[in-house]
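Structural description and commentary
Here is how the chains run, residue by residue.
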Amino acid sequence: MKGIPVDKLQNKTSAGLQIKAFRPDDEQQNQTERSNAHRDDHYIFFLLTSGSGTLKVEFQDILITAGHLYYVLPSQVHHLIQTNRAGGWFLAVDTSLIPPGLRDVFEHRVNLQVPCRLTDFELKQYSNLLGLLREEFIERQDDKYYLPIIHTLVKTFLAMAASSYNTVEKTENSDTRSAELARQFKNLLAAHSHVIKSPSAYASKLNVSSGYLNESIKKVTGSTVSYWIQQEIFSEAKRLLYHSDIDVKEIAHDLGYTDYSYFVRSFRKVYGLSPLKFRLLNRK
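Analysis parameters
- Residues numbered from 1 in each chain as written.
- Predicted model: local features only at pLDDT ≥ 70, side-chain atom pairs only at ≥ 80, totals over all residues.
- Heavy atoms only, no water.
- Axes fitted to C-alpha atoms, helices over the stretch in contact; angles between N-to-C directions.
- Helix = DSSP H or I, 4+ residues; strand = E, 2+ residues; numbered from the N terminus.
- Parallel < 35°, antiparallel > 145°, perpendicular 65-115°, else oblique.
- Contact = heavy atoms within 4.5 Å.
- Nonpolar A, V, L, I, M, F, W, Y, C, P; charged D, E, K, R; others polar.
- Polar contact = N/O pair within 3.5 Å; in protein donor to acceptor, adjacent residues only side chain to side chain.
- 1 Å grid on protein atoms, 1.4 Å probe; cavity = no way out; pocket = protein on both sides within 12 Å on 5 of 7 lines; lining within 4 Å.
- Points joined across faces, edges and corners; volume = space filled by probe spheres on them.

1. Regarding the packing of helix α4 (residues 176-192) against helix α6 (residues 210-221)
The interhelical angle for the contact between α4 and α6, taken along N-to-C directions, is 100°, at an axis separation of 9 Å. Of the possible angle classes, the one that applies to α4 and α6 is roughly perpendicular. Contacts between α4 and α6 involve Arg177, Ser178, Ala179, Leu181, Ala182 and Phe185 on the former and, on the latter, Tyr212, Leu213, Ser216, Ile217, Lys219 and Val220. Of the residues belonging to the contact of α4 with α6, the class tally is eight nonpolar, two polar and two charged.

2. Here's the deal with the side chain of His79
With respect to the helices and strands, the residue His79 is situated in the loop between β6 (68-72) and β7 (82-94). At 2.9 Å, the side chain of His79 forms a polar contact with the side chain of Asn36.

3. So, the layout of surface pockets
Reported here for the largest pocket is a volume of approximately 860 Å³. If you go around the largest pocket, you meet 33 residues; those closest to its centre are Glu58, Gln76, Lys186, Glu232 and Arg239. Considering every element that reaches the lining of the largest pocket, the biggest residue donor is helix α7 (residues 225-243), with nine residues. Its residues assigned to classes, the lining of the largest pocket comprises twelve nonpolar, eleven polar and ten charged.

Shown next, in the form of C-alpha cells:
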C-alpha cells in the first residue's frame, strides 16, 4: 500500500537545516498537483520579498504575497509552492532545533495558520538575518564552529518568527484564557484523535466542564469542540483517501474505527458522500 510521501530533511543535509534564496526570474517547474503532494518531517518557512506565491496546504490554497511570512508544519500535507515573479527565502528546519516554547506558538493553533504580514522594518531585519545565515551556511562548512554558528542564527530566526505569530494571535484572541485553552485542546486533539472522540473526555483531560470548553473553543475559532474533533479525524481521512492508495477499511482502522460501517456513515454525514466516492471523484 502506498501512503503519503514524507520528505526527510536528513536525506538532504546533516546540518539540520536548508536555506535557499529564490529570485523572480527563476525558472518554474511544471508538476502535476498530486505528484508533489507530501508531508515533511521538518518545518518549512517561506518569506516573500517580492511577487507572490500560492501554496496548497490541507486542501486550502494559501496566497503569500511580498512582505509575508508563512510556515508549514511536519504533519501537514502540502504541495510545492507555485510562484508568480516571486523573490524571497525558503528555510527548512529540523524539529530538534526548535525549542518547546517556540513550537507551542507554531503548533498549538486550532485553525490553519495564515500568512503573517511584516512591517517594512521587520522584513528588512528578517532578510538581513537570512542573508547572513545563507552566507554562513555555504561559506563556513569547514569551520569547526560551523554548526553552533548556523544553529544560533536559525534559532534567532525562529524566535523572531514566533514573536511575529504570537503578536498576531494575541491581536486575534484578546481572551487569553480561552486562547490558551484552545491551544491545549488542539495539542490533545492532535495526539489522541485516533483514540478519543468524545468532547467530554477532552474536557475532563483539561479539567474543565464540557460546556466551558465548548464555549471557549467557539469563542476563539467560531466552531464547536465536536466540529474540531470531526475535522481532525476526517481531514486525515481525506488526506489518505486523496494522496494514498491505502484501502478504505484500513484507513478507518488506522483512525480508530472498529466499526467500518459507522466510519462510512460518519464520513458521509460530514461530506455528503462516502469515502470511496470521495476518492473516485477527486482523482478524476
